[in-house]
Amino acid sequence: MTEELHRRYIPDGQDNLYDTHKCRVLRVYKQTEMDKVFLFRFIDQEVGKNWKFKPGQFVEVSLPGIGEVPISICSSAMRIGFFQLCIRKAGRVTTKIHELKPGDIVGIRGPYGNGFPMEKFFGRNLLLVAAGLGMAPLRSVFLYAIDNRWRFGDITIINSAKYENELLFARELEAMRDIAEAENIQIIQTVTREDSPNRLKGRASEHLDKVMIDPKNSTVALCGPPRMYKSMFEKLVEMNYDPRRIFVTLERRMKCGIGKCGHCNLGNSTSWKYACIDGPVFDYYDIISTPGMLE
Amino acid sequence: MRYVKLKKEKIKEFLLALQDYGELYAPIKVSEKYFDFRKITNEQVDEVVLDYNRTLRPPRRFFFPEKEVLFTFNSKKVEMYENKEAFTSEPVVLFGVHACDIVGLRIMDSRFIDDQPDPYYRARREKGIIIGISCLPDEYCFCNVRRAEFVDSGFDLFLSEVEDGYVIRVGSVKGHKIIDATENLYVEVTKKDSDDLTAFDVKKSKMFTVSGNWDSLRYTLELNDEHPVIWMRESEKCLGCGNCTITCPTCRCYDVKDYPNLDGETGVRVRIWDSCQFREHGLVAGGHNFRPTKESRFKNRYMCKNAYCKEVTTAYCVGCGRCTYFCPAGINYKQNLIEIRGGI
Ligand SMILES: Cc1cc2nc3c(=O)[nH]c(=O)nc-3n(C[C@H](O)[C@H](O)[C@H](O)COP(=O)(O)OP(=O)(O)OC[C@H]3O[C@@H](n4cnc5c(N)ncnc54)[C@H](O)[C@@H]3O)c2cc1C
Ligand code: SF4
Ligand code: SF4
Ligand code: FES
């Protein structure tokens, strides 16, 4: 369609899709031994004002000279101009990010990915289940639900990790307990590999029977390793949760975040998907019609 | 459509005239077995091969180069500056593109222009000129079952061989302008030429070793996801060299790397072609690999290439035969697909 191409109008000075916005680190705090939470603000306030995201979306954090990494936004989508990222020190780029101090600057592009379809969650109960780093994107969903409390029915959140000192946002959730009770929000925190005072023991799926919300008319959002999804699905469906309302996030290697570089591809010839644009949020039926999603 | 006829003896003049529109690239023989699109200077016009089988490197490289600087940066200021080269470079005039490769470019467009345009690719592509040429298949070709053996669009000019020359179809405004400016080279198309075109098509269709339509192959492949022998047997031969993806006209995977300069402050952000056949392609921090085995990577290519490109309404594989022709391990992609289809 060369013809068609030639006719297309290219506006002057149009944004380069791979270019970043400068953001300043305002605050850094240690979450666990491996994880730090960073609060960012857009240096260009105009950009900040118009920058909106959905829970479950991610950004590409860029350190020129080091590289770029995809990171889920973990703050509430209701706050304008600011956002938080919870970043685990996992390799080259994330180690450099961990060295950042308040006042330092990074490049940000995004938000990317489909995010959770929050509108579809309105008017229903909400079950949120996180394992490990999955609490980062899930926190964004949770805070959104709290900020829009009247739009949701009862809410339960299960936060799990291997060890007590890896449990993300554990203290924050603990501190919310009183308000949560008044607001019909149930908080369950569980640790799988050790006994910890104040915590339940075992995997999230082992505590589904303690969930107070009514499975009928509920939406479920799961964020964790695919292993967890497999065991969760069976139980949830057995407990009468509607498979149509079960959502998960998937992690893949990502370079571009916008469906170009091919690294996040998954699926088979009839269900070819890019985790960055078709996901990272997928529903139960995406999973069963796309082989290899849970690997 | 507008048609003109170029007599064989005028081809050289035609090629020389094309140089007015940008940097001319055309297929020439680069070794015993291989052809490649190379830059054509006045002296090289005679070397242009009009009936080559396939080029080593696919046309997409002119719009999506193997390696390209996206930005220069200043890491202290955390600033990136767009590399303007793609916007200021001379247009590429690509002569002698086969139909399957034109469909291949259209598939590239579907990812790099149609949704969220990649500025570098789009700039090069929009000023580029594509001049197609008709061809006859060898035993590696199967563009017919991919519905990519004939194109109605995606070119500025398309040359179809007739007995004593070429009938040129004009496919764009740029094409019209080229024809207008070189009007003295052409003659009227006759009834004999029209009959020749039909005869060429009949001859061509008889030369293919497969027939019909392979649209349903994507289902067949998926149903044979667990094929007892083929994946293991074939992937064992694979050297993981990535030739199949580098030569493919529709492979698009790339990696991005930052190269700091010695001053420790400035540098370049570069994108480089990557291949799903490389182990690192699916590797993430912590050592987990989404495609850890050669078999899983091998299968990934077959699945990706046979997926449906909805913008072009064909499979991502256009049946050009390169991945078989250039595989050092002698893995026969086309034959393997036939085997998966049950021998047909
Ligand atoms: C949608 C999404 C959301 C994510 N959200 C978070 C989050 O909220 N917090 C967090 O700590 N981590 C998150 N990650 C994982 C994070 O991106 C990786 O830990 C990070 O890319 C590792 O980069 P590195 O350079 O430190 O590691 P290295 O091992 O040195 O990686 C080198 C390069 O490989 C790629 N890469 C490696 N691992 C991953 C990976 N897991 N995912 C994607 N690309 C990878 C990156 O391009 C990286 O620059 C997320 C990943 C995805 C895909
Ligand atoms: S060209 Fe052949 S040997 Fe090389 S990666 Fe492709 S299939 Fe394997
Ligand atoms: S997969 Fe092979 S035959 Fe198909 S378009 Fe790519 S190189 Fe050509
Ligand atoms: S991250 Fe590049 S295509 Fe998805």
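These figures come from a predicted structure and were not determined experimentally.

Engineer: Would you explain the site of ligand 3 in this entry?
Structural biologist: Residue and element names in this part refer to chain B. The immediate surroundings of ligand 3 are formed by 13 residues, with Cys248, Cys317, Cys320, Gly321 and Cys323 found nearest. Taken together, the elements giving at least two residues each to the shell around ligand 3 come down to helix 10 (294-305) and helix 11 (322-325). Taken together, the residues of the shell around ligand 3 break down into 8 nonpolar, 2 polar and 3 charged.

Engineer: I tried to follow the pattern of salt bridges on my own but got confused; where do I start?
Structural biologist: A pair can form between side chains of opposite charge whenever their charged atoms are brought close. Counting across every chain of the model gives 50 salt bridges over all chains. Among the ionic pairs, Arg177(A) bridges to Glu174(A), the shortest N-O distance being 2.5 Å. Accessibility expressed as a relative area gives 27% for Glu174(A), which makes it partly exposed. The closest approach of N and O atoms between Glu66(B) and Arg57(B), which form a salt bridge, is 3.7 Å.

Engineer: Would you take a moment to explain the side chain of Glu60(A) for this structure?
Structural biologist: Residue and element names in this part refer to chain A. Here glutamate 60 lies in strand 3 (residues 58-63). Despite being buried, glutamate 60 has no salt bridge partner; arginine 109 is the closest side chain of opposite charge, sitting 4.3 Å away. Not counting residues up to four positions away in its chain, the partners in contact with glutamate 60 are Glu68, Val69, Pro70, Gly107, Ile108, Arg109, Tyr112, Met254, Lys255, Cys256 and Gly257.

Engineer: Looking at this structure, I do not really get the site of ligand 2. What am I missing?
Structural biologist: Near ligand 2 the following residues occur: Cys238(B), Leu239(B), Gly240(B), Cys241(B), Gly242(B), Asn243(B), Cys244(B), Cys327(B), Pro328(B), Ala329(B) and Ile331(B). For the shell around ligand 2, a count of residues per class yields 8 nonpolar, 3 polar and no charged.

Engineer: What am I meant to see in the UniProt feature "binding site: [2Fe-2S] cluster" (unreviewed entry) in chain A here?
Structural biologist: When the UniProt feature table is mapped onto this chain, "binding site: [2Fe-2S] cluster" (unreviewed entry) is found at Cys256(A), Cys261(A), Cys264(A) and Cys276(A). The greatest C-alpha distance among the annotated residues, which extend across 21 residues, is 10.1 Å, indicating that they converge on a single site. Examined against the element boundaries, Cys261(A) turns out to sit in the loop between strand 12 (246-249) and strand 13 (265-266). Discounting residues that sit within four places of it in the chain, Cys261(A) has contacts with Lys255(A), Cys256(A), Arg252(B), Cys253(B) and Tyr254(B). Structurally, Cys276(A) can be placed in the loop between strand 14 (273-274) and strand 15 (281-283).

Engineer: Would you mind going over the confidence of the model for chain B with me for this structure?
Structural biologist: Predicted coordinates in regions of low pLDDT should not be interpreted in detail. Overall, the predicted model of chain B reaches an average pLDDT of 94, with 100% of residues at or above 70. Two summary scores accompany this predicted model of the complex, namely pTM at 0.92 and ipTM at 0.89.

Engineer: I would appreciate a short explanation of the sheet that holds strand 9 (residues 165-170) of chain B in the present structure.
Structural biologist: Strand pairing in a sheet relies on backbone hydrogen bonds, with the paired strands running either antiparallel or parallel. Residue and element names in this part refer to chain B. Overall, mixed pairing links the 8 strands, which are arranged 3-2-6-7-8-9-1-10 in an open sheet. Edge strands, defined here as strands with exactly one partner in the open sheet, are strand 3 (35-39) and strand 10 (186-187). Direction of pairing for strand 1 (residues 2-7) relative to strand 9: antiparallel, over a ladder of 6 bridges. Bridged to valine 4 within strand 9 is isoleucine 168. Each of strand 6 (92-97), strand 7 (129-133) and strand 8 (157-162) is contacted by helix 3 (residues 99-112), which is oriented at about 150° to strand 7, the strand it contacts most.

Engineer: Would you take a moment to explain the interface of chain A and chain B for this structure?
Structural biologist: For an interface, size is often stated in terms of accessible area lost upon the parts coming together. With 48 residues of chain A in contact, the opposing surface of chain B contributes 62 residues. Here chain A and chain B share an interface that buries about 4,600 Å² over both sides, 51% of which is from carbon and sulfur atoms. Run the count over chain A and chain B and you get 4 salt bridges. Here Lys22(A) makes a salt bridge to Glu79(B), at a shortest N to O gap of 2.9 Å. Where the side of chain A that touches chain B is concerned, the elements lending two or more residues are helix 1 (2-7), strand 3, strand 4 (67-72) and strand 6 (105-112) of chain A. At 5 residues, helix 1 of chain A tops the list of elements feeding residues into the side of chain A that touches chain B. Within the side of chain A that touches chain B, the residues separate by chemical class into 18 nonpolar, 18 polar and 12 charged.

Engineer: So what exactly am I meant to see when it comes to the packing of helix 8 (residues 230-237) of chain B against helix 10 of chain B here?
Structural biologist: Packed helix pairs are specified by the crossing angle of their axes together with the interaxial distance, meaning the distance between the axes. Residues and elements named next belong to chain B. At a minimum axis distance of 9 Å, the contact between helix 8 and helix 10 shows a crossing angle of 105°. With respect to helix 10, the axis of helix 8 lies roughly perpendicular. Across from Trp231, Met232, Glu234, Ser235 and Glu236 in helix 8, the residues of helix 10 making contact are Lys294, Glu295, Phe298, Lys299, Tyr302 and Met303. Taken together, the residues of the contact of helix 8 with helix 10 sort by class into 5 nonpolar, 1 polar and 5 charged.

Engineer: It is not clear to me how the sheet that holds strand 1 (residues 21-30) of chain A should be interpreted in this structure. Could you clarify?
Structural biologist: Residue and element names in this part refer to chain A. On the basis of which strands lie adjacent, the open sheet formed by 6 strands has the order 4-3-6-1-2-5 and antiparallel pairing. At either end of the open sheet lies a strand with only one pairing partner, and these are strand 4 and strand 5 (82-88). The mean inter-strand angle of the sheet, taken between neighbouring strand axes irrespective of direction, is 40°.

Engineer: Would you mind going over the domain arrangement of chain A with me for this structure?
Structural biologist: All names here are of chain A. Domain assignment breaks chain A into domain 1 (3-112) and domain 2 (118-249). Taking only C-alpha atoms, the centre of domain 1 and the centre of domain 2 are 26 Å apart. Counting from both sides, the interface comprises 21 residues of domain 1 and, opposite them, 18 residues of domain 2. Here domain 1 and domain 2 share 1 salt bridge between them. Between arginine 79 and aspartate 147 there is a salt bridge; the shortest N-O distance is 4.0 Å. Our enumeration of links across domain 1 and domain 2 arrives at 5 residue pairs in polar contact (both at pLDDT 80 or more). Those elements that provide at least two residues to the side of domain 1 that touches domain 2 are strand 2 (35-42) and strand 5. In terms of residue count, strand 5 provides more of the side of domain 1 that touches domain 2 than any other element does, 3 residues in total.

Cut-offs used in this document
Residues numbered from 1 in each chain as written. Chains lettered and ligands numbered in written order. Predicted model: local features only at pLDDT ≥ 70, side-chain atom pairs only at ≥ 80, totals over all residues. Heavy atoms only, no water. Near = heavy atom within 4 Å. Helix = DSSP H or I, 4+ residues; strand = E, 2+ residues; numbered from the N terminus. Nonpolar A, V, L, I, M, F, W, Y, C, P; charged D, E, K, R; others polar. Salt bridge = Lys/Arg side-chain N within 4 Å of Asp/Glu carboxyl O. Buried < 20%, exposed > 50% of the residue type's maximum accessible area, 1.4 Å probe, protein only. Lys, Arg positive; Asp, Glu negative; His and termini not counted. Contact = heavy atoms within 4.5 Å. UniProt positions renumbered as here; feature names shortened; annotations may be inferred. pLDDT = per-residue confidence, 0-100. Pairing = 2+ DSSP bridges. Axes fitted to C-alpha atoms, helices over the stretch in contact; angles between N-to-C directions. Buried area = accessible area lost by both parts, 1.4 Å probe. Parallel < 35°, antiparallel > 145°, perpendicular 65-115°, else oblique. Domains from an automatic or database assignment. Polar contact = N/O pair within 3.5 Å; in protein donor to acceptor, adjacent residues only side chain to side chain.

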